[in-house]
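As a plain string of letters, each chain reads:
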Amino acid sequence: EKGGFKHFMLKEIHEQPRAIRETLAGRVSLDDGRVYLDPTKIPDSAWEGFRRVVIAACGTSWHAALVGKSVIEELARLPVEVDYASEFRYRNPLLDEHTLVVVITQSGETADTVAALREAKHRGCPTFAICNVPGSMAAREADGVLLTHAGPEISVASTKAFTSQIVALYLLALYLGQHRAVLSAADVRAHVEQLLALPTKLEATLGQDAALAELSKEFFRASDFLYLGRGVHFPIALEGALKLKEISYIHAEGFPAGEMKHGPNALIDERLPVVMVMPREAGNPASEVRYEKTLSNLQEVKARDGCVIAIVTEGDTQTATLAEHVIPVPAASDALSAVLAVVPLQLLAYHIAVRRGCDVDQPRNLAKSVTVE
Ligand code: F6R
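Residues numbered from 1 in each chain as written. Predicted model: local features only at pLDDT ≥ 70, side-chain atom pairs only at ≥ 80, totals over all residues. Heavy atoms only, no water.

Taking an unreviewed UniProt entry as the reference, the protein is identified by name as Glutamine--fructose-6-phosphate aminotransferase [isomerizing] belonging to Chloracidobacterium validum. Per UniProt, the protein has the following entry under Function (unreviewed entry): "Catalyzes the first step in hexosamine metabolism, converting fructose-6P into glucosamine-6P using glutamine as a nitrogen source." Regarding the protein, the UniProt comment filed under Subcellular location (unreviewed entry) reads as follows: "Cytoplasm". (UniProt positions renumbered as here; feature names shortened; annotations may be inferred.)

Chemist: Can you explain the nonpolar core? Please cite residues and give values.
Modeler: Within the largest apolar cluster, 93 residues are counted, with the highest numbers of intra-cluster contacts made by I72, F128, F225, Y227 and I236. If one sorts the elements of this core by residue count, helix 14 (residues 334-355) sits on top with 15 residues. Setting aside residues up to four positions removed in sequence, I72 forms contacts with V53, I55, R77, L78, V80, L169, L172, A173 and L176. (Core = buried A, V, L, I, M, F, W, Y, C linked by side-chain atoms within 4.5 Å. Buried < 20%, exposed > 50% of the residue type's maximum accessible area, 1.4 Å probe, protein only. Helix = DSSP H or I, 4+ residues; strand = E, 2+ residues; numbered from the N terminus. Contact = heavy atoms within 4.5 Å.)

Chemist: Describe the environment of A338, naming the residues involved and giving the relevant values.
Modeler: The residue A338 is located in helix 14 in this model. On a C-alpha basis, the gap between A338 and V232 in space is 6.4 Å, while along the polypeptide they are 106 residues apart. Beyond its immediate stretch of four places on either side in the chain, A338 contacts V232, H233 and I236.

Chemist: Requested: an account of the sheet that holds strand 8 (residues 224-229), with residues and values cited.
Modeler: The five strands lie next to each other as 9-8-10-11-12, forming an open sheet whose pairing is parallel. Every other strand in the sheet has two partners, leaving strand 9 (251-256) and strand 12 (325-329) as the edge strands with one partner each. Averaged over all neighbouring strand pairs, the angle between strand axes comes to 20°, with direction disregarded. Pairing geometry for strand 8 and strand 10 (residues 273-277), over four bridges, is parallel. Directly across from Y227, in strand 10, lies its bridge partner V275. Against the sheet, helix 12 (residues 285-303) engages strand 10 and strand 11 (307-313), with an angle of about 170° to strand 10. (Pairing = 2+ DSSP bridges. Axes fitted to C-alpha atoms, helices over the stretch in contact; angles between N-to-C directions.)

Chemist: Pulling in residues and values, what's your account of the site of the ligand?
Modeler: Near the ligand lie 13 residues; those nearest to it are S61, T105, S107, T110 and E246. At a separation of 2.7 Å, an oxygen atom of the ligand approaches a polar backbone atom of Q106. A distance of 2.7 Å separates an oxygen atom of the ligand from a polar side-chain atom of S107. Expressed as a share of its isolated accessible area of 410 Å², the protein-covered part of the ligand is 89%. Take the shell around the ligand: its biggest share by element is three residues, from helix 4 (residues 59-76). The residue inventory of the shell around the ligand, partitioned by class, reads three nonpolar, eight polar and two charged. (Near = heavy atom within 4 Å. Polar contact = N/O pair within 3.5 Å; in protein donor to acceptor, adjacent residues only side chain to side chain. Areas by Shrake-Rupley, 256 points an atom, 1.4 Å probe, with all protein chains shown as cover. Nonpolar A, V, L, I, M, F, W, Y, C, P; charged D, E, K, R; others polar.)

Chemist: Could you give an account of the packing of aromatic side chains, naming the residues involved and the relevant values?
Modeler: By the definition in use, this model includes six aromatic pairs. Seen in terms of ring centroids, W47 and F128 are 5.8 Å apart; in terms of plane orientation they differ by 85°. Their pairing is edge-to-face. Within this pair, whereas W47 is found in helix 3 (residues 44-49), its partner F128 is found in strand 6 (residues 127-131), the two being separated by 81 residues in sequence. F128 matches W47 in its accessibility class, with the two residues each being buried. Centre to centre, the rings of F219 and F225 are 6.1 Å apart; their planes meet at 65°, and the pair counts as edge-to-face. Considered together, F219 and F225 belong to a single accessibility category, that of buried residues. Three or more aromatic residues joined by ring pairs form one cluster here, namely W47, F50, F128 and Y175. Residue placement shows R280 over the ring face of Y291; its charged tip is 4.2 Å from the ring centre. Of note, R364 hangs over the ring of Y249, and the distance from its end group to the ring centre comes to 3.8 Å. (Phe/Tyr/Trp six-rings, centres within 6.5 Å; stacked < 30°, edge-to-face > 60°. Lys NZ or Arg CZ within 6 Å of the ring centre and 35° of its normal.)

Chemist: I'd love a proper account of helix 2 (residues 16-24), names of residues and values included.
Modeler: Buried within helix 2 are the following residues: Q16, P17, A19, I20, T23 and L24. Down the axis of helix 2, the buried set is contained in an arc of 165°. They therefore lie on one face. Buried residues belonging to helix 2 abut helix 1 (8-14), strand 1 (28-29), helix 8 (160-179), helix 9 (185-206) and helix 14. G26 lies just past helix 2 and shows a positive phi near 75°. (Arc of directions from axis to C-beta.)

Now the structure itself:
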């Protein structure tokens, strides 16, 4: 049942190229330069006229929402707010019929997320669910559904559902963009080409498995970890930290790299491993600026004797001379490099947890689906 893998988590990490192929299948057309979603109860006129998107989710799905915010704002030019479902439902949020409320939930049964969906419906907002379980509560109740076809996720720690959610959010961003006429067929086609290239790049990234198993030997006794990133890589830093804490019980925190001077720098000493998520898209000025700024954060960590593990784009020689450990991922657009960069973080957390003798698939105090608050 584990397909030759020692744990479901490792199997599911390795299933990510397939999960993404399945999530894209039948939904993108290079010929038409269009994205096709299943029919929804939301009329076309509403899709054309949304003024705002609000996304509610929990845990790893909330991290996907933060990536989705960047992608939707960039591609569909719509303002996006991201909320924890547990906050949204008790917050008296400002909503109207021009706001699309999106919930993201692997299981479709998370109590707070389903409650957020019901609250949005109650206030007359069109609702949309990104969900991995057909027939689940969220999938049944939302006005529109985009199923991630990741297949059953058994490991409590979410991996393939997360990367599939990011791809689903990308499709939603393109769908909104084409309805709002901010993306031409040629624009959509260019994005679809990049999406279709992603599974092969993920396969190459999974080739780092042995290197990360080796790296875990050096770090499995650490008591704390810091994860840093900018832009779309900040939620990836948060996700890397969450994976590590939930399965290895090592304390870990994620921060936007630019926040270091505002407090977290005080934590840095020679015992603190700092994971810096810093791929770069050559020729994308915003990405280049974020990279340069993160590189100076890296120099600051080094100046304080911190030990850096950097996740970088293949061929990055600048980082190689500075960081103790460099894990390369294939070149990709800024947004899609988030999907590639999370893979080494999943593998690092996995191998550290195994070395610590933890119950990887069933971490203490956690349940796969949180159906009570
Ligand atoms: C972390 C993890 C949890 C879930 C969260 C939401 O690895 O699995 O943080 O992401 O409980 O679950 P869903 O997506 O089913 O609503």
